Amino acid sequence: MNEKMKVVAIADERKVEIKEVRKPAPKADQILMKIKECAICTWEQRTYTRESRMPLPFVGGHEIVGEVAALGTGVNEKEFPIGKKIVARLINVCGKCYFCRRGEENLCVEINNLDSSEMEIPGTGGMGEYLVISASQAYQIPDEIPDEKAVFAEPLACVLNSIEKGRIELGDDVVVLGGGIMGMLHVMCAKLSGARVIMSEPDAERRRIAGALGCDITCNPLETDPVEFIKSVTEGRGAEVVFNTTPISQVAKQAVQMTAYMGRCVMYSSQHPDKPFEISPNWLHNSEAVITGAVSPSVRSFNRAVNLLAKSIINPEKLISGIYTMEKADEAFEAAVRPDTFRIIIKF
Ligand SMILES: [Zn+2]
Ligand SMILES: [Zn+2]
């Protein structure tokens, strides 16, 4: 068996190439997934622009939907029949470390050690025609759910992990800082949780889209101080829950400053660059506020994301800005790094 398949590899700065590599075969407890669609996430965009220095060539892709193409021994064919639509939680967890044992697999110490044993070109491997995954990473999703919806399982799962940390209560004021794709998904989930949602975002078109998704109030942080603005609409208290979806340290600081007493402030985005800022221990003492973070999807949040998509309770496909064939992957990447696009999809 020496079958070949095509992958989209990042070859150099702002350069992607289609390469032919060996088609992998599933071993015990593994599934060969035929990839239908893969979205280009921020991480792959940063690798493409070389903001992130992942060694090249690199085959990214972890926001994927596809179908079962072949089964390794030990995988139940009734559970995963050939052709069944699946999504995959492409995070490698060891199942044995301190955090895995505590059920906090998204903090697994092995999480960045990708299993590239089956891959000719390293990476998460979602940007190719086929991918071998372990059966435990595969989640069934109804065949009638469009690929354009199912492909959101991973990013939605990341956001649901964040939403869970925010512990939104009915009637809370929830602030979402930043109107990128992750900000928009936070708006949708916060509305579903029964909150009044306020977004701070400098771009007028993004504020308009947030409004169309149900955001109640928007503000332009370039025109009004966002901390003052949030206090002005919350009788001076600040918001019960604040999500920072931007990589900007000044905004992270404002996120803390606009959090109410007893509130929760969630640092959803990683910071680039990471600039520390001061927090008053006395303010924490007096406020009983919680400042926390959210990283990667948990097993629990992934399962919830699949449920929300499978039942069409959340419909994020309207956030797709373009769908490209594999042959046009270079155009897809250029579109993905443009600030006016949300998710760009590559079809295989
Ligand atoms: Zn992602
Ligand atoms: Zn682990």
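Residues numbered from 1 in each chain as written. Chains lettered and ligands numbered in written order. Predicted model: local features only at pLDDT ≥ 70, side-chain atom pairs only at ≥ 80, totals over all residues. Heavy atoms only, no water.

**Some details on the overall build of the chain**
Inference 1: Each helix and strand in the chain was counted, giving eleven helices and 15 strands.
Inference 2: In terms of C-alpha radius of gyration, the chain reaches 21 Å, essentially the compact-globule figure of 20 Å for 348 residues.
Inference 3: Referenced to the eigenvectors of the C-alpha coordinate spread, the extents of the chain come out at roughly 70 × 40 × 35 Å.
Inference 4: Expressed as a percentage of its 348 residues, the buried residues of the chain come to 52%.
Inference 5: Summarising the internal contacts of the chain: among those between residues at least 6 apart in sequence, 67% fall at separations of at least 24.
Inference 6: For the chain, the accessible area works out to roughly 15900 Å², and carbon and sulfur atoms hold 49% of it.
Inference 7: For the chain, the centre of its 41 positive side-chain charges and the centre of its 47 negative side-chain charges are spaced 2 Å apart. (Helix = DSSP H or I, 4+ residues; strand = E, 2+ residues; numbered from the N terminus. Rg over C-alpha atoms; globule rule 2.2 N^0.38 Å. Buried < 20%, exposed > 50% of the residue type's maximum accessible area, 1.4 Å probe, protein only. Contact = heavy atoms within 4.5 Å. Areas by Shrake-Rupley, 256 points an atom, 1.4 Å probe, with all protein chains shown as cover. Lys, Arg positive; Asp, Glu negative; His and termini not counted. Charge placed at Lys NZ, Arg CZ, Asp CG, Glu CD.)

**Let's talk about the nonpolar core**
Inference 1: Ranked by size, the top nonpolar core spans 49 residues in total, and within it Val 87, Leu 156, Ile 168, Met 184 and Leu 319 carry the most contacts.
Inference 2: The set of elements that each furnish at least two residues to this core consists of helix H4 (153-166), strand E8 (173-177), helix H5 (181-192), strand E9 (196-200), helix H6 (204-212), strand E11 (239-244) and helix H10 (299-310).
Inference 3: Of the residues forming this core, the biggest block, eight residues, is contributed by H5.
Inference 4: Both of domain 1 (4-145 + 312-347) and domain 2 (159-293) provide at least three residues apiece to this core.
Inference 5: Among all residues touching Val 87, those that are not within four sequence positions of it are Met 33, Ile 64, Val 65, Gln 137, Ala 138, Tyr 139, Ile 141, Ala 150, Ala 153, Phe 302 and Val 306.
Inference 6: Among the nonpolar cores identified, the runner-up in size contains 40 residues, and Val 68, Tyr 130, Leu 131 and Met 326 belong to it. (Core = buried A, V, L, I, M, F, W, Y, C linked by side-chain atoms within 4.5 Å. Domains from an automatic or database assignment.)

**Points about the packing of H4 against H5**
Inference 1: The geometry of H4 relative to H5 is characterised by a closest axis approach of 10 Å and an angle of 60° between their N-to-C directions. On the basis of the axis angle, H4 is oblique to H5. Read as a crossing pair, H4 and H5 show a hand that is right-handed. Between H4, through Pro 155, Leu 156, Val 159, Leu 160, Ser 162 and Ile 163, and H5, the contact on the second element is made entirely by Met 182, Leu 185, His 186, Cys 189 and Ala 190.
Inference 2: The class makeup of the residues in the contact of H4 with H5 is nine nonpolar, two polar and no charged. (Axes fitted to C-alpha atoms, helices over the stretch in contact; angles between N-to-C directions. Parallel < 35°, antiparallel > 145°, perpendicular 65-115°, else oblique. Left-handed = near helix turned anticlockwise from the far one by under 90°. Nonpolar A, V, L, I, M, F, W, Y, C, P; charged D, E, K, R; others polar.)

**Details of the pattern of salt bridges**
Pairing between side chains of opposite charge can happen when their charged atoms approach one another.
Inference 1: According to the stated counting rule, one finds 23 salt bridges in the structure shown.
Inference 2: We note a salt bridge from Glu 317 to Lys 149, for which the minimum N-O separation is 3.6 Å. Taken together, the positions of Glu 317 in the loop between H10 and strand E14 (320-325) and Lys 149 in helix H3 (residues 147-150) put the pair 168 residues apart, joining distant regions of the chain.
Inference 3: Classification of Lys 149 by relative accessible area gives buried; the value is 5%.
Inference 4: Among the salt bridges present, the one from Asp 173 reaches Arg 196, with a minimum N-O distance of 2.6 Å. Residue Asp 173 is found in strand E8, and its partner Arg 196 is found in strand E9; the two are separated by 23 residues along the sequence. (Salt bridge = Lys/Arg side-chain N within 4 Å of Asp/Glu carboxyl O.)

**Regarding the coordination of the zinc ion (ligand 2)**
Inference 1: Coordination of the zinc ion (ligand 2) by the protein involves Cys 94 (SG), Cys 97 (SG), Cys 100 (SG) and Cys 108 (SG), with metal-donor separations of 2.3 to 2.4 Å.
Inference 2: The site at the zinc ion (ligand 2) holds four donor atoms, and with the angles between them running 103 to 119°, its shape is tetrahedral.
Inference 3: For Cys 97, a relative accessible area of 10% gives the class buried.
Inference 4: Given a relative accessible area of 9%, Cys 100 falls into the buried group. (Donors = N, O, S within 2.8 Å, 3.2 Å for Na, K, Ca; no water. Tetrahedral: all angles 85-135°; square planar, octahedral: opposite > 155°, others 65-115°.)

**Some details on the sheet that holds E11**
Inference 1: Across the sheet, which stays open at both edges, the six strands sit in the order E10-E9-E8-E11-E12-E13 with parallel pairing between neighbours. Looking at the sheet topology across the chains shown, the edges are occupied by strand E10 (217-219) and strand E13 (290-293). Across this sheet, the average inter-strand angle for adjacent strands is 15°, counted without regard to direction.
Inference 2: Pairing between E8 and E11: four bridges, direction parallel. Residue pairing for E11: Val 176 is matched across the bridge by Phe 243. (Pairing = 2+ DSSP bridges.)

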